[in-house]
Amino acid sequence: MFFVCVTVGLVLLASKYRNNVLRSVKRLCHGITNHNSNSTSKTNNNTKLHVTLDKIILADSLEKCDYAVQRIHCNLSNGILGFDCEWVNEGPVSLLQLATYNGVCALFRLGKIGYIPTKLKELLANRRVLKVGVASFEDGKKLTNDYGCCIFGTLDLRSLAKSLGLPSPKSLAALCFEYLGIEMNKATEVRCSDWNADNLTNEQIVYAAYDAVASVLIYHQIRQQAKVKYSLWKNLILYLKRIWNADADEKFHGLPQGVIDTRFKVQQFNTTINKEISPEEIKINNKPHKNSIPARNKPLYHNCYLEAPDGEVLCTCDRKKAEWYIAKGLGTIIQEDPLTVRLTFEPSGRALGEVGKYYTQVKVNQCVVCGSSDKFIKKNVVPKEYRKYFPEIMKSHQSHDILLLCPECHEISNLHDLQLRKKLAVMCGAPLFETLPHQWHKTSSDWRKLYSAVKALKNQNSLPAKRRPQIESVIVKCTGQKVTADLLDVLERQLKNGPMHPPLPSSYMPHGQAVVYHFQNNKGGLIELERLWREHFVRSMKPQYLPKLWSVSHSHQRFAIRQMQNRIKPEDAKLVGLIK
């Protein structure tokens, strides 16, 4: 009965789509047969990521752009292009990368050209040419906002892998390792380099090309693994369902529905306000991905000693701080190992009680939760989002609230922090994601247009004569001044640092500032806010290796001592919470 249904379905579809469907089914079956006869391993170890400078086209003028688009069309295989963008800070897209399956890669220096030429614009708008990459939908939207062109046919590789039931790591580097077995070099000094420089370095060029070439290779490897994963008949049925219900783009590429020109939906962690999440639950339900914050391999605590002039130990510190006192002539070396520096002046305060002893003890370079000592990240127990709005008196001596966590515990702790942030948002009437005023968004948009116009006019050699009046009109509209060489120089200098936003209305207040304001003006003061975060960290993470004398009431004890010594102003004591 099963085979009869399939046969009838084939006949009905063939009558509608005729040769196109049959050819597609034949290709599908042929591909499955070939791959089932070969290796079924997860990674094709024979895949090589070769990017050579002779296959890279650096297009920084109209003529070179047209040539690059022509080369892409000549080498385009099955309508698939690797796609990526680079830019600096919040500026417009500086570099657009497109790559074919055989390794031809075009790097379009849009920041230098100042606009997107017509032939490139047509290629980007062609729905039949898939632009594959990571966050390709978002990159397309940014190109639209920056240069006013339409981008269609974007496909996020993570969405494709997820829709086919295959692993979908969250970064291009992780996808490259998963599907190509190759570890990409994502050096920060290249990734965050100046993509608007007059001349790109070879490292920048190869880095940019690798991203685009890797994307198109990963796409093909995902498709191959999907064919291997399913049996012949299951693949056939799935394919017939797709072309029966899919829109024109999905029929052409044979892809699942809902993956073209859509944003990748990241799996959400369960972070409701009333439910606590255990680290074990997070590990089981959500495979931790590589933390975006770089982990430290070098020790944070060097346990050097600072002494008062009479030899009393004041605190331990890192080597850099100790050497600073020596270089400034404010201290002398008493001992080399451990490095001990005696100050040449009387400090403002001494280490008193358990609070003072906390700063004098030796600290261990290990995760305070699990004890791991391989890699660690500094954890701000009281997030900087709030601490930056504290009065100056509470911004010193922050080391108590800076602890070491391994990357995995750090990620879990950040997830728990979202729960308390949500509670504070409700308690203090401080929305987490307050919408910026419309004028701010308009300023950013105007700045991008003006920045692009100035860059285009500064590179006159690549600018068509008929295009110049249009670009000049943008500058006249934004500045109200006639376009001159001097004006362009002035604007270029001013625009380098990003958009100059108008002042925010008095009613607008970021979440962190609103929370701090609430505690400043309510019983308990900011000491209470610190206490909440410390108790939250201890309760949610259950740290087993906290430094000795670490306490949730540390600040209250410290300021009580300062108040006893008359070293705190009444207004500060009220903000802190010592005076009701």
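Everything discussed here concerns the structure shown above.
About the criteria used
Residues numbered from 1 in each chain as written. Predicted model: local features only at pLDDT ≥ 70, side-chain atom pairs only at ≥ 80, totals over all residues. Heavy atoms only, no water. Helix = DSSP H or I, 4+ residues; strand = E, 2+ residues; numbered from the N terminus. Buried < 20%, exposed > 50% of the residue type's maximum accessible area, 1.4 Å probe, protein only. Contact = heavy atoms within 4.5 Å. Areas by Shrake-Rupley, 256 points an atom, 1.4 Å probe, with all protein chains shown as cover. Pairing = 2+ DSSP bridges. Axes fitted to C-alpha atoms, helices over the stretch in contact; angles between N-to-C directions. Polar contact = N/O pair within 3.5 Å; in protein donor to acceptor, adjacent residues only side chain to side chain. Parallel < 35°, antiparallel > 145°, perpendicular 65-115°, else oblique. Nonpolar A, V, L, I, M, F, W, Y, C, P; charged D, E, K, R; others polar. Phe/Tyr/Trp six-rings, centres within 6.5 Å; stacked < 30°, edge-to-face > 60°. Salt bridge = Lys/Arg side-chain N within 4 Å of Asp/Glu carboxyl O.

Student: What am I meant to see in the overall build of the protein here?
Tutor: Counting its secondary structure elements, the protein contains 24 helices and 12 strands. The proportion of buried residues among the 580 residues of the protein is 45%. Here the contacts in the protein between residues at least 6 apart in sequence split such that 71% fall between residues at least 24 apart. A total accessible area of about 30,800 Å² is found for the protein, and carbon and sulfur atoms account for 53% of it.

Student: How should I be thinking about the sheet that holds strand E8 (residues 313-317) in this particular structure?
Tutor: Sheet strands associate in pairs through backbone hydrogen bonding, adopting either a parallel or an antiparallel arrangement. Taken in spatial order, the four strands make up an open sheet running E8-E7-E10-E9, and their pairing is mixed. The outermost strands of the open sheet, each flanked by one partner alone, are E8 and strand E9 (331-335). Each strand of the sheet is rotated relative to its neighbour by a mean of 30°, with strand direction disregarded. The pairing of E9 with strand E10 (residues 340-343) spans four bridges and is classified as antiparallel. Following the sheet pairing, Thr332 is matched in E10 by Arg342. Each of strand E7 (304-307) and E8 is contacted by helix H15 (residues 353-360), which is oriented at about 45° to E8, the strand it contacts most.

Student: How do you make sense of helix H21 (residues 511-520) when you look at a structure like this?
Tutor: Because the α-helix completes a turn every 3.6 residues, residues three or four places apart line up on one side. Taken together, the buried positions of H21 are occupied by His511, Gly512, Ala514, Val515, Val516 and Phe519. Next to the buried residues of H21 lie helix H16 (384-387), helix H17 (407-428) and helix H22 (525-541).

Student: Would you mind going over the side chain of Asp401 with me for this structure?
Tutor: Looking at the element boundaries, Asp401 is found in the loop between H16 and strand E12 (402-405). With a relative accessible area of 4%, Asp401 lands in the buried category. At a separation of 3.2 Å, a polar atom in the side chain of Asp401 contacts the side chain of His400. Within polar-contact distance, the side chain of Asp401 engages the side chain of Arg534 at 2.8 Å.

Student: In this structure, what is going on with the sheet that holds strand E2 (residues 80-87)? I would like to understand it.
Tutor: The mixed open sheet is built from six strands, whose spatial order is E1-E4-E3-E2-E5-E6. Each of the sheet's edge strands pairs with one partner strand only, and the pair in question is strand E1 (56-59) and strand E6 (154-156). The mean inter-strand angle of the sheet, taken between neighbouring strand axes irrespective of direction, is 25°. Relative to strand E4 (residues 105-108), strand E3 (residues 93-99) is paired through four bridges, and the arrangement is antiparallel. Within E4, the position partnered with Gln97 by the bridge is Leu107. Running over the sheet, helix H5 (residues 118-125) touches E2, E3, E4 and strand E5 (130-133) and is turned about 65° from E3.

Student: Teacher, can you tell me more about the pairing of E7 here?
Tutor: Moving residue by residue along a regular strand, the side chains alternate between the two faces of the sheet. Alternating positions in E7 separate into two faces, Cys304 and Leu306 on one and Tyr305 and Glu307 on the other, with burial throughout. Note: E7 against E8, four bridges, orientation antiparallel. Considered in E8, the bridge of Leu306 is made with Cys315. Between the end of E7 and the start of E8, which pair antiparallel, lie five residues, with Gly311 showing a positive phi angle near 95°. Taken together, the three bridges between E7 and E10 define a ladder with parallel strand orientation. Within the sheet, the bridge partner assigned to Tyr305 lies in E10 and is Thr340.

Student: What is the right way to look at unusual backbone geometry in this model?
Tutor: A negative phi angle characterises most non-glycine residues, just as the trans form characterises most peptide bonds. Residues Asp337 and Pro338 are joined by a peptide bond in cis, for which omega reads -5°. Mapped onto the elements, Pro338 comes out in the loop between E9 and E10. The phi dihedral of Ala135 falls on the positive side, at around 60°, and the residue is not glycine. Turning to its location among the elements, Ala135 is positioned in the loop between E5 and helix H6 (136-147). A positive phi is found at Leu549, a non-glycine position, where the angle reads about 70°. Among the structural elements, Leu549 can be located in the loop between H22 and helix H23 (554-564).

Student: What exactly am I supposed to notice about the packing of H21 against H22 here?
Tutor: Two quantities define a packed helix pair, namely the angle between the helix axes and the distance between the axes. In contact at an axis separation of 7 Å, H21 and H22 are set at 125° when each is read in the N-to-C sense. One element, H21, and the other, H22, form an angle in the oblique class. Contacts from Val515, Val516, Phe519 and Gln520 in H21 reach Gly525, Leu526, Glu528, Leu529 and Leu532 in H22. Partitioning the contact of H21 with H22 into residue classes produces six nonpolar, two polar and one charged.

Student: So what exactly am I meant to see when it comes to the packing of aromatic side chains here?
Tutor: Any aromatic ring pair is given by two values, namely how distant the centres are and how the planes are angled relative to each other. Under the criterion given, the structure shown has three aromatic pairs. Each ring, one from Trp324 and one from Tyr325, has its centre 5.2 Å from the other, and the planes form 80°; the classification is edge-to-face. The exposure class of Trp324 is partly exposed, given its relative accessible area of 45%. According to the relative accessible area criterion, Tyr325 is buried, its value standing at 15%. Ring geometry for Tyr386 versus Trp533: centroids 5.5 Å apart, planes at 45°, classification tilted. One end of the pair, Tyr386, is in helix H16; the other, Trp533, is in helix H22, with 147 residues separating them in the sequence.

Student: Sorry if this is basic, but what is going on with the pattern of salt bridges here?
Tutor: Side-chain pairs of opposite charge can arise whenever the charged atoms involved come near each other. For the structure shown, the criterion picks out 16 salt bridges. Between Asp60 and Lys112 there is a salt bridge, with its nearest N and O atoms 4.0 Å apart. Note that Asp60 is positioned in the loop between E1 and helix H3 (62-75) and Lys112 in helix H4 (residues 110-113), a separation of 52 residues in sequence. The partner of Arg534 in a salt bridge is Asp401, and the shortest N-O contact between them spans 2.8 Å. Of this pair, Arg534 sits in helix H22 while Asp401 sits in the loop between H16 and E12; the two residues are 133 residues apart in sequence, bridging distant segments of the chain. Judged by its relative accessible area of 2%, Arg534 is buried. Three or more residues joined by partner-sharing salt bridges are found here, namely Arg387, Asp401, Glu530 and Arg534.

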